[in-house]
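Each chain is listed here by its residues.
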Amino acid sequence: PYGDFKYKPNTFKYILMICQGTAIAPMFSIIDEILNNEEDDSRIMLYYCCKDLDNIILRNELYKFRLYWNFSYEIYLSSVPYDNGSLKKYLKYKECINNKKLCDVDVKDYLLNKDKACVLIAGSERFMFDFDNIVQKCNVENIFLFT
């Protein structure tokens, strides 16, 4: 399910996953593998970009994963028909859904001072191209694009 990506436990201290829409599939498999390995201390941050609340795939499963100490996620919505504040009534307890598109500042802020990091990117060609360029400017050596 990972394509050409080969994951070895504890290779990276931080794993940032950036994906869009149905490209959550390979990320989800990797997250599940890491979280089910008690010997793996890698910390995972998932940035998941979706059109709206109805297009969030595996939302309940991701919400359950947040109970693990080494997993966090944020969902970014590009087309939200909600006024500021009204989105809150659709959120689960402590669920982080942003009423905006993921941008370079979000990625740069996360990667700041993160040594031994790996970034996985999956989505449309344009999406991957854009975020690959952003991550490269953060001096991350380990970047994998799911093509």
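Residues numbered from 1 in each chain as written. Predicted model: local features only at pLDDT ≥ 70, side-chain atom pairs only at ≥ 80, totals over all residues. Heavy atoms only, no water.

### As for the pattern of salt bridges
Then comes step 1: Taken as a whole, this structure holds four salt bridges when the rule is applied.
Then comes step 2: Of the charged contacts, one joins Glu95 and Arg59 as a salt bridge, the two residues approaching to 2.6 Å between their closest N and O atoms. Of this pair, Glu95 sits in the loop between β3 (71–77) and β4 (97–98) while Arg59 is found in helix α2 (residues 59–65), placing the two residues 36 residues apart along the sequence. For the pair Glu95 and Arg59, a shared accessibility class is recorded, and that class is buried. (Salt bridge = Lys/Arg side-chain N within 4 Å of Asp/Glu carboxyl O. Helix = DSSP H or I, 4+ residues; strand = E, 2+ residues; numbered from the N terminus. Buried < 20%, exposed > 50% of the residue type's maximum accessible area, 1.4 Å probe, protein only.)

### Notes on the sheet that holds β4
Then comes step 1: Strand order in the open sheet made by the six strands is β4-β3-β2-β1-β5-β6, with parallel pairing throughout. What marks the edges here is a single partner per strand, and that holds for β4 and β6 (142–146).
Then comes step 2: Relative to β6, strand β5 (residues 117–122) is paired through five bridges, and the arrangement is parallel. Considered in β6, the bridge of Cys118 is made with Asn142.
Then comes step 3: Those strands touched by helix α4 (residues 125–136) are β1 (14–20), β2 (43–50), β5 and β6, and its axis lies near 165 degrees from that of β5. (Pairing = 2+ DSSP bridges. Contact = heavy atoms within 4.5 Å. Axes fitted to C-alpha atoms, helices over the stretch in contact; angles between N-to-C directions.)

### Some remarks on the state of the cysteines
Formally, a disulfide is one covalent bond, and it connects the sulfur atom of one cysteine to the sulfur atom of another.
Then comes step 1: By the definition in use, this model includes zero disulfides.
Then comes step 2: Not engaged in a disulfide, the cysteine Cys49 finds its nearest cysteine sulfur in Cys19; these two sulfurs lie 7.2 Å apart.
Then comes step 3: Counting only cysteine sulfurs, Cys138 is the nearest neighbor of Cys118, a cysteine outside any disulfide, at a range of 14 Å.
Then comes step 4: Relative accessible area serves as the criterion here: at 3%, Cys118 is assigned to the buried category. (Disulfide = S-S within 2.5 Å.)

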